[in-house]
Amino acid sequence: MVVSGPSGSGKDTLVFELRKIEPKLAYSVSVTTRAPRAGEIEGVHYHFIQRPEFERLAAQGEFLESREYAGNLYGTPKHFVEECMRSGRDLIMKPEVSGALAIKRRFPSAVLVFLTVPSNEVLERRLAERGTDSQSDRAARLAIAQREAAQVRQYDYLIINDTVEAALGALRSVLAAERLKTARLVQGEPAPTP
Ligand code: 5GP
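Parameters at a glance
Residues numbered from 1 in each chain as written. Predicted model: local features only at pLDDT ≥ 70, side-chain atom pairs only at ≥ 80, totals over all residues. Heavy atoms only, no water. Near = heavy atom within 4 Å. Polar contact = N/O pair within 3.5 Å; in protein donor to acceptor, adjacent residues only side chain to side chain. Areas by Shrake-Rupley, 256 points an atom, 1.4 Å probe, with all protein chains shown as cover. Nonpolar A, V, L, I, M, F, W, Y, C, P; charged D, E, K, R; others polar. Core = buried A, V, L, I, M, F, W, Y, C linked by side-chain atoms within 4.5 Å. Buried < 20%, exposed > 50% of the residue type's maximum accessible area, 1.4 Å probe, protein only. Helix = DSSP H or I, 4+ residues; strand = E, 2+ residues; numbered from the N terminus. Contact = heavy atoms within 4.5 Å. Salt bridge = Lys/Arg side-chain N within 4 Å of Asp/Glu carboxyl O.

S.K.: In this structure, what is going on with the site of the ligand? I would like to understand it.
M.R.: Taken together, 17 residues lie near the ligand, and S30, R34, Y46, Y74 and K94 sit nearest. Interatomic distance of 3.0 Å between a side-chain N/O atom of R37 and an oxygen atom of the ligand. Alone, the ligand offers 510 Å² of accessible surface; in the complex the protein occludes 97% of this. In the shell around the ligand, the residues fall into 4 nonpolar, 5 polar and 8 charged.

S.K.: Before we go on, may I ask you to explain the nonpolar core in this structure?
M.R.: Membership of the largest hydrophobic core comes to 18 residues, with the highest contact counts inside it found for M1, V3, I92, V113 and L171. If you list the elements that add at least two residues to this core, you get α1 (11–21), β8 (112–116) and α7 (164–179). Per-element tally for this core: the top contributor is α7, with 5 residues. If we skip the residues at most four places from it in the chain, L171 touches M1, V3, L14, L18, V113 and I159. By size, the runner-up hydrophobic cluster in this structure holds 16 residues, among which are V2, I103, F114 and Y155.

S.K.: Quick question: what am I supposed to make of the side chain of E22 here?
M.R.: Looking at the element boundaries, E22 is found in the loop between α1 and β2 (26–27). On the basis of relative accessible area, E22 is assigned to the buried category, the value being 14%. Looking at E22, its side chain comes within polar contact range of the side chain of R179, at 3.0 Å.

S.K.: Could you clarify how one ought to interpret the pattern of salt bridges in this entry?
M.R.: Pairing is possible between side chains that carry opposite charge, provided their charged atoms lie close to one another. Scanning all chains against the criterion turns up 20 salt bridges. Between E17 and K20 there is a salt bridge, with the nearest N and O atoms lying 3.4 Å from each other. Separated by 3 residues within a single helix, E17 and K20 lie in helix α1, roughly one turn from each other. Assessed through its relative accessible area of 22%, E17 is described here as partly exposed. Given a relative accessible area of 53%, K20 falls into the exposed group. A salt bridge links E22 to R172; its shortest N-O distance comes to 3.9 Å. Placement of the pair is E22 in the loop between α1 and β2 and R172 in helix α7, with a sequence separation of 150 residues. Residues joined in a network through salt bridges with shared partners are R34, R37, E40, R130, D133, D137 and R141.

Listed below in structure tokens is the structure:
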């Protein structure tokens, strides 16, 4: 499951809350050259590395996809995702839009969920309230949000994050429905009894 959405849409909180109630859901920790924000922990929120190391890993083919976003590099480590796919473990990740579409091309069974907020004003307010980004960084993130919103139809689901409870309920419903798809039945295994 791939959750994308503008910076400030609340996807970090939502994915965090979902993982609390779905402890078997694996999470792909991305690699980034961005500096850690206050409270971010190495190996939990991201693997924080310097640009030369990122470029070396990219050249070695260690990323399933990687992108530059607001001046920093982000990448999805290949091995962890492939291991989850092999073992049939459900996995969640939250790349930006072009990364999400790259994942879908590589794994067509990926479920793409776009998370957004009721209006641009709400987005601006949330980014300002978060207080973790500079004025110019916020402006860059808002401009990216406008471009990303235009791609929403390439996603399987759209969730408007009005309240965390409602958005979490919607995300859980998507997960539950996707798990019941006949296309996901493993060959040779009996169908689960209701
Ligand atoms: P932030 O700096 O706010 O943590 O993340 C900035 C953007 O990068 C967000 O839209 C986030 O979803 C995206 N992002 C995080 N990890 C990855 C990744 O591994 N690949 C891609 N393509 N985008 C990522």
